[in-house]
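Fold and geometry: a report
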Amino acid sequence: MGLRWFHFVLWGGLIAGMLLLPQVVSNGTLRTMIFANYLAIFAISWDVLSGRTGYVSFGHPFLIGIGAYTTAILTKRFDVPVEISIPVAVLVTMIAGLIVLLPALRIRGSYFALVTLAFMELLYQLVQVIRPDLTGGTRGMSGIQTLTRGAANGYYLSTALMLSVAVSMWLLMKTRLGTALAAIGMNEESVRGSGLSTTRLKAFAFLTSAFIAGLGGAFYVHYLGSLAPRALFDINFLFTIIVAALLGGTSTIIGPMIGAFFMTFLLEYLRPLLPGAERYFVYGAIALLLYMYQPKGLVELVQRGFQRLRKGGLA
């Protein structure tokens, strides 16, 4: 698996640092960190499929939305306990994704991206017109049960969820299965010629991505306590997820985490200066410049810095 002792030291240091963070920062910063944690989960979910296999999805909010709406409807309309509604939401997300989007894996490139985008737009329209008594229609839903109270508790929950997803996916991608998924992104025909089933590999990547997206969407809506289709299926939300993964460094797991935190705090610091949507143009320009001069993402800068520290320590 290529694991080294310093990998565990770095993960341990990250986990310890994040657990101690509520002791040294304000509640406002913790709330920003909560949103960064959930964005990291969504970016990792996108990276498992698109970053590894090269099948760029423009419809990831479709998966997130299914998970969010399923648990919200179950708890709000049918009084289902949240410990049951969340696993059901994840399962429904995987099944719906398998039925609806898996056939799209037979195509790739811009056609695959457009098909996934079409499904996201389709779900956006359906939740507004079909059974608005269940979905809330254009207004969405409010008064959804929340899992925690207070910034610190919400931070600990989102951090535990994000780190669990990140570490498990990082370990998975260190296996031969992760290597095979990355090989599909480089040359799918060669993988098929080696005797491996690319269909099964792509199905696994998609189901894993759907699992993470559904899980993140379910917990996210129970943090917010409300659900609005216009925000969930907004193009800016999709754009933020993709740019976070690209900016941090695709096919790395740790890269989307770095990109998510960078973008969340960048947007937060730009809010007082540019309270409107124009701040998205600013961070888009910054992201473009960073990606142009560092195409492998911010994770490459972090790795270079760590290598210099190791060489300096050895010297």
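Scroll up for the structure.
The notes below deal with the structure included here.

**What about the overall build of the protein?**
Across its full length, the protein carries 15 helices and two strands. Since a compact globule built from 315 residues should have a radius of gyration of about 20 Å, the 20 Å found for the protein is in line with a globular shape. Projected onto its principal axes, the C-alpha coordinates of the protein cover approximately 65 × 55 × 40 Å. The 315 residues of the protein split such that 48% are buried. Considering only contacts in the protein between residues 6 or more positions apart, those separated by 24 or more positions represent 79%. A total accessible area of about 15,400 Å² is found for the protein, and carbon and sulfur atoms account for 66% of it. For the protein, the centre of its 23 positive side-chain charges and the centre of its 11 negative side-chain charges are spaced 9 Å apart.

**Brief notes about the pattern of salt bridges**
Taken as a whole, this structure holds five salt bridges when the rule is applied. In this structure, Glu188 engages Lys202 in a salt bridge whose closest nitrogen and oxygen atoms are separated by 3.0 Å. Residue Glu188 is found in helix α9 (residues 188-193), and its partner Lys202 is found in helix α10 (residues 198-224); the two are separated by 14 residues along the sequence. A relative accessible area of 8% places Glu188 in the buried class. A residue is classified by how much of its surface remains accessible, and Lys202, at 7% relative accessible area, is buried. What emerges from the salt-bridge pattern is a single network uniting Glu188, Glu189, Arg192 and Lys202.

**So, the layout of surface pockets**
In this structure, the largest pocket occupies an estimated 870 Å³ of space. Where the lining of the largest pocket is concerned, the elements lending two or more residues are α1 (5-20), α7 (151-173), α13 (254-270) and α15 (298-314). A breakdown of the residues in the lining of the largest pocket according to their chemical character gives 15 nonpolar, five polar and three charged. Volume-wise, the second largest pocket comes out at about 730 Å³. In terms of lining residues, the second largest pocket is bounded by 27 residues, among which Phe35, Tyr220, Ala231, Phe237 and Tyr280 are the most central. Broken down by secondary-structure element, the contributors of at least two residues to the lining of the second largest pocket are α2 (27-53), α3 (60-78), α10, β2 (226-227), α11 (229-232), α12 (235-248), α13 and α14 (279-293). Ranked by the residues each element gives to the lining of the second largest pocket, the list is headed by α2, at six residues. Within the lining of the second largest pocket, the residues separate by chemical class into 16 nonpolar, six polar and five charged.

**Things to note about α1**
Along its 16 residues, α1 runs 23 Å from first to last C-alpha, staying within 8% of the 22 Å computed at 1.5 Å per residue. Along α1, the residues that are buried comprise Phe6, His7, Trp11 and Met18. Taken around the axis of α1, the buried residues stretch over an arc of 140°, which confines them to a single face. Facing away from the buried surface of α1 by more than 90 degrees, the exposed residues are Trp5 and Leu20.

**Notes on a nonpolar patch on the surface**
Nonpolar side chains collect at one region of the surface, where Leu91, Ile95, Leu98 and Ile99 lie side by side and expose about 370 Å² of accessible area between them. The residue Leu91 is located in helix α4 (residues 82-100) in this model.

**Some thoughts on the packing of α12 against α13**
At their nearest, the axes of α12 and α13 sit 7 Å apart, and the two run at 120° to each other. Put simply, α12 runs oblique to α13. Taken as a pair, α12 and α13 cross one another with a handedness that is right-handed. Contacts between α12 and α13 involve Thr240, Val243, Ala244, Ala245, Leu247 and Gly248 from the first element and Gly255, Pro256, Gly259, Ala260, Phe262 and Met263 from the second. Looking at side-chain class alone, the contact of α12 with α13 contains eight nonpolar, four polar and no charged residues.

**Describing the side chain of Thr71**
Position of Thr71 relative to the elements: it lies in helix α3. Reaching out from Thr71, the side chain makes a polar contact with the side chain of Ser85 at a distance of 2.8 Å. Thr71 has contacts with Ser85, Ile86, Ala89, Ala218, Val221 and His222, leaving out every residue within four places of it along the chain.

**Details of α3**
In this model, α3 (19 residues) spans 27 Å end to end at C-alpha, consistent with the 27 Å of a helix rising 1.5 Å per residue. Here α3 lies mainly inside the structure; 16 of its 19 residues are buried. Looking at the residues trailing α3, positive phi occurs at Asp79, about 55°.

Analysis parameters
Residues numbered from 1 in each chain as written. Predicted model: local features only at pLDDT ≥ 70, side-chain atom pairs only at ≥ 80, totals over all residues. Heavy atoms only, no water. Helix = DSSP H or I, 4+ residues; strand = E, 2+ residues; numbered from the N terminus. Rg over C-alpha atoms; globule rule 2.2 N^0.38 Å. Buried < 20%, exposed > 50% of the residue type's maximum accessible area, 1.4 Å probe, protein only. Contact = heavy atoms within 4.5 Å. Areas by Shrake-Rupley, 256 points an atom, 1.4 Å probe, with all protein chains shown as cover. Lys, Arg positive; Asp, Glu negative; His and termini not counted. Charge placed at Lys NZ, Arg CZ, Asp CG, Glu CD. Salt bridge = Lys/Arg side-chain N within 4 Å of Asp/Glu carboxyl O. 1 Å grid on protein atoms, 1.4 Å probe; cavity = no way out; pocket = protein on both sides within 12 Å on 5 of 7 lines; lining within 4 Å. Points joined across faces, edges and corners; volume = space filled by probe spheres on them. Nonpolar A, V, L, I, M, F, W, Y, C, P; charged D, E, K, R; others polar. Expected span 1.5 Å × (residues − 1). Arc of directions from axis to C-beta. Patch = residues over 30% accessible without salt bridge, like charges linked within 9 Å, V, L, I, M, F, W, Y side chains within 5 Å. Axes fitted to C-alpha atoms, helices over the stretch in contact; angles between N-to-C directions. Parallel < 35°, antiparallel > 145°, perpendicular 65-115°, else oblique. Left-handed = near helix turned anticlockwise from the far one by under 90°. Polar contact = N/O pair within 3.5 Å; in protein donor to acceptor, adjacent residues only side chain to side chain.

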